[in-house]
Amino acid sequence: MSTQDGVTVDGTVAAQTTVDRTQRAAAPVAQGAGSSGPRDRAARKRREGHVTWGRALRRDWQLYSLLVLPLVFFLVFRYVPMLGNVIAFRRFRPGGSIFGEEWVGLHYVRMFINDPTFWNVFQNTLVLGVLSLVIIFPLPIVLALMLNELRSQRFKRIIQTISYLPHFMSIVIVAGLVFQLTAMRGTVNQVITAIGGDAIGFMQLPEWFRTIYISSEIWQTVGWGTILYLAALSTIDPQLYEAARIDGANRWRQTWHVTLPGIRPTMVVLLILNIGTFMAVGFEKILLLYNPLLYPTADVIATYLYRVGIGSSQFSYATAIGLFEALIGLTLVLSANAISRRVVGASLW
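Summary of the structure given here. Source: prediction; values computed, not measured.

1. Notes on the packing of aromatic side chains
Here's step 1: A full pass over the atoms with the stated rule returns 18 aromatic pairs.
Here's step 2: A centroid spacing of 5.5 Å and a plane angle of 80° characterise the contact between Trp119 and Phe122, whose relative ring orientation is edge-to-face. Taken together, the residues Trp119 and Phe122, both in helix H7 (residues 116-136) and three residues apart, mark about one turn of the helix.
Here's step 3: Looking at Trp119, the relative accessible area reads 36%, which means it is partly exposed.
Here's step 4: On the basis of relative accessible area, Phe122 is assigned to the buried category, the value being 15%.
Here's step 5: Residues Tyr164 and Trp224 carry aromatic rings whose centres are separated by 6.3 Å and whose planes lie at 75° to one another, so their mutual orientation is edge-to-face. Of this pair, Tyr164 sits in helix H9 (residues 153-164) while Trp224 sits in helix H12 (residues 209-233), placing them 60 residues apart in sequence.
Here's step 6: For Tyr164, a relative accessible area of 17% gives the class buried.

What follows is the structure, encoded as structure tokens:
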């Protein structure tokens, strides 16, 4: 076998042949990559099984048609009314333009900032919002964990049904029940007088309103709030519990290290949503329950807007307050989502 400069001739020929084959194989690929246009990319995507938006719409148009009514609803009742926020900076007169008659700038903003009644209402809203978030939000989690520990499926279904029922009651019915229970001769006062106490006028004393409101919210919403948590609990891998038991973990340890981390994403999402509605405390129930005697603790931003905007026809002033409330809600949602993403690692977006 002859050599040339220390390299075998056969080895040189073999190496050159391999290089030629590699160049010939790579040439069409490079040529196609260099001349690929929109049409070539679309054809390649079709060959790879990629479904474009147009093809998906033509193929599943029946399913997409179901989105028409929800989109129309949100467009008409959510997005178009946003245009009316302009009257927060324009003077609105009944019978005139729906976008106001003249530009007044921050006149109505300065009005509610200098209004002591508004700040009392704002404080009541914060107090009820904090109480709802601190007391009501954790209770569905606790109830879901308790139901998850039940071994009797029949008893579990009975408890779930009983706890769900108040959610389906009209707020008017709930308010009527509250009035019947807290009346001077109602059930609560009958129990108080039976043990030797004096009857209490619950619905005439401002200091009792927050207790009554939070209690009625717990009774009406906690059972329904467990649905999402029970669904999240059903997705936890049972092998995690088996591994925890093998490691010697008791039920409390399994709950802390397996169950709670398993439902943490659901908890975070619902917490962010609740924070978003922090300022929008239950308008309907408060409107049905409160009276002028309870205004010092029961009047919130939503009911104040109703009285000022609808009752007194101060639409521009009420719009300015509503816009301020919406900005606070947006800030709370964005802040809670950012904090959750950095601290917990789960967020809405």
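Right, picking up where we left off after that structure.
2. Let's talk about the side chain of Thr319
Here's step 1: Inspection of the secondary structure assignment puts Thr319 in helix H18 (residues 315-343).
Here's step 2: Contacts of Thr319, omitting those with residues within four sequence positions, involve Gly84, Asn85, Ile87 and Ala88.

3. A short note on unusual backbone geometry
Here's step 1: Of note in this structure, Ser313 is not a glycine but carries a positive phi near 60°.
Here's step 2: By the element assignment, Ser313 lies in the loop between helix H17 (301-311) and H18.
Here's step 3: When its relative accessible area of 41% is taken as the criterion, Ser313 is described as partly exposed.

Each value, and the rule that gives it
Counting from 1, residues in each chain are numbered in the order their sequence is written. The predicted nature of this model means local features are confined to residues of pLDDT at least 70 and side-chain atom pairs, given and counted, to a pLDDT of 80 or more, with totals for whole chains, interfaces and linings taken over all residues. The basis for the side-chain values is all heavy atoms of the structure; hydrogens and waters are excluded. Here a pair means two rings of Phe, Tyr or Trp (six-membered ring of Trp) with centres within 6.5 Å. Their orientation is stacked below 30 degrees between planes, edge-to-face above 60, and tilted elsewhere. Here a strand is any run of E in DSSP of at least two residues, a helix any run of H or I of at least four, and the numbering for each starts at the N terminus. Only protein chains enter the calculation, and the probe is 1.4 Å; a residue is then buried if its accessible area is under 20% of its type maximum, exposed if over 50%, and partly exposed in between. Whether two residues are in contact is decided by their heavy atoms, any of which lying within 4.5 Å being enough.

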